[in-house]
Amino acid sequence: MNIDFNKQGGLIPAIIQDAKTDKVLMLGYMNQEAFEKTQKDGIVTFFSRSKQRLWTKGETSNNFLRVVEITNDCDEDTLLIKVNPDGPTCHTGADTCWNEKNNPGQAGWLNHLKAVIRDRKNNPSEKSYTASLFEKGTNKIAQKVGEEAVELVIEAMDSNDDLFKGEAADLLFHYLVLLEQRGIDFDEIIEELRKRHK
């Protein structure tokens, strides 16, 4: 990753975004030393302009920002750092520095699940059920989606809501696995639904 720290006098902006919710949490500044420490420790460290020193977010509050991914912009002078926050990000106690709630609702958790499924595909483990599905291939995954759909229909005829919800969750999970196997993002399906809603 090439970063031009000299373009803006040694400091570059670092936008901090929640990896699970996509909510922007804060903006800080990094010099090269802060960037290298962030990479090494896996916890976001800034250069504090007011304290004139390195400052690890959470060093007093324990609300650390744990790094998931770091990307650079097209001009190589701004970072986007996706994190898992240990608690509220703002020093005021708010979830974000814009006093926004960092709660995507339950549906937003699907982004996290999609990322886990993709990781199981790209980094298979013998103990992972999801990885074993990918190993069996598209036909077996599609068959599993069909089986789960039938089980959901059967439970829909009964009055046990817990069993119905369990089968609905099984179907959605296997459907997401099938989409990943086919290389189609769930967002593309949502876009297809939006087109039909006109």
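Now for a description of the structure that goes with this document.

In this model, the largest pocket occupies a volume close to 410 Å³. Lining the largest pocket are 14 residues, with A19, K82, N111, H112 and A115 positioned closest to its centre. Among the elements of the structure, strand 5 (65–72), strand 6 (79–85) and helix 2 (109–122) are those that each provide at least two residues to the lining of the largest pocket. Per-element accounting of the lining of the largest pocket gives the leading share, five residues, to helix 2. Here the lining of the largest pocket is built from residues that sort into three nonpolar, three polar and eight charged. Surrounding the second largest pocket, 16 residues form its lining, W55, K57, T89, C90 and H91 being those nearest its centre. Taken together, the residues of the lining of the second largest pocket break down into five nonpolar, eight polar and three charged.

An α-helix turns once per 3.6 residues; consequently, residues spaced three or four apart project the same way. Here helix 2 contains 14 residues, and its C-alpha end-to-end distance of 20 Å stays within 8% of the 20 Å for a straight helix at 1.5 Å per residue. Those residues of helix 2 lying buried are L110, L113, K114 and I117. Mapping the buried residues of helix 2 onto a view down its axis gives an arc of 100°, with all of them on the same face. The elements touched by buried residues of helix 2 are helix 3 (129–136), helix 5 (161–182) and helix 6 (186–196).

Rules used in this analysis
- Residues numbered from 1 in each chain as written.
- Predicted model: local features only at pLDDT ≥ 70, side-chain atom pairs only at ≥ 80, totals over all residues.
- Heavy atoms only, no water.
- 1 Å grid on protein atoms, 1.4 Å probe; cavity = no way out; pocket = protein on both sides within 12 Å on 5 of 7 lines; lining within 4 Å.
- Points joined across faces, edges and corners; volume = space filled by probe spheres on them.
- Helix = DSSP H or I, 4+ residues; strand = E, 2+ residues; numbered from the N terminus.
- Nonpolar A, V, L, I, M, F, W, Y, C, P; charged D, E, K, R; others polar.
- Expected span 1.5 Å × (residues − 1).
- Buried < 20%, exposed > 50% of the residue type's maximum accessible area, 1.4 Å probe, protein only.
- Arc of directions from axis to C-beta.
- Contact = heavy atoms within 4.5 Å.

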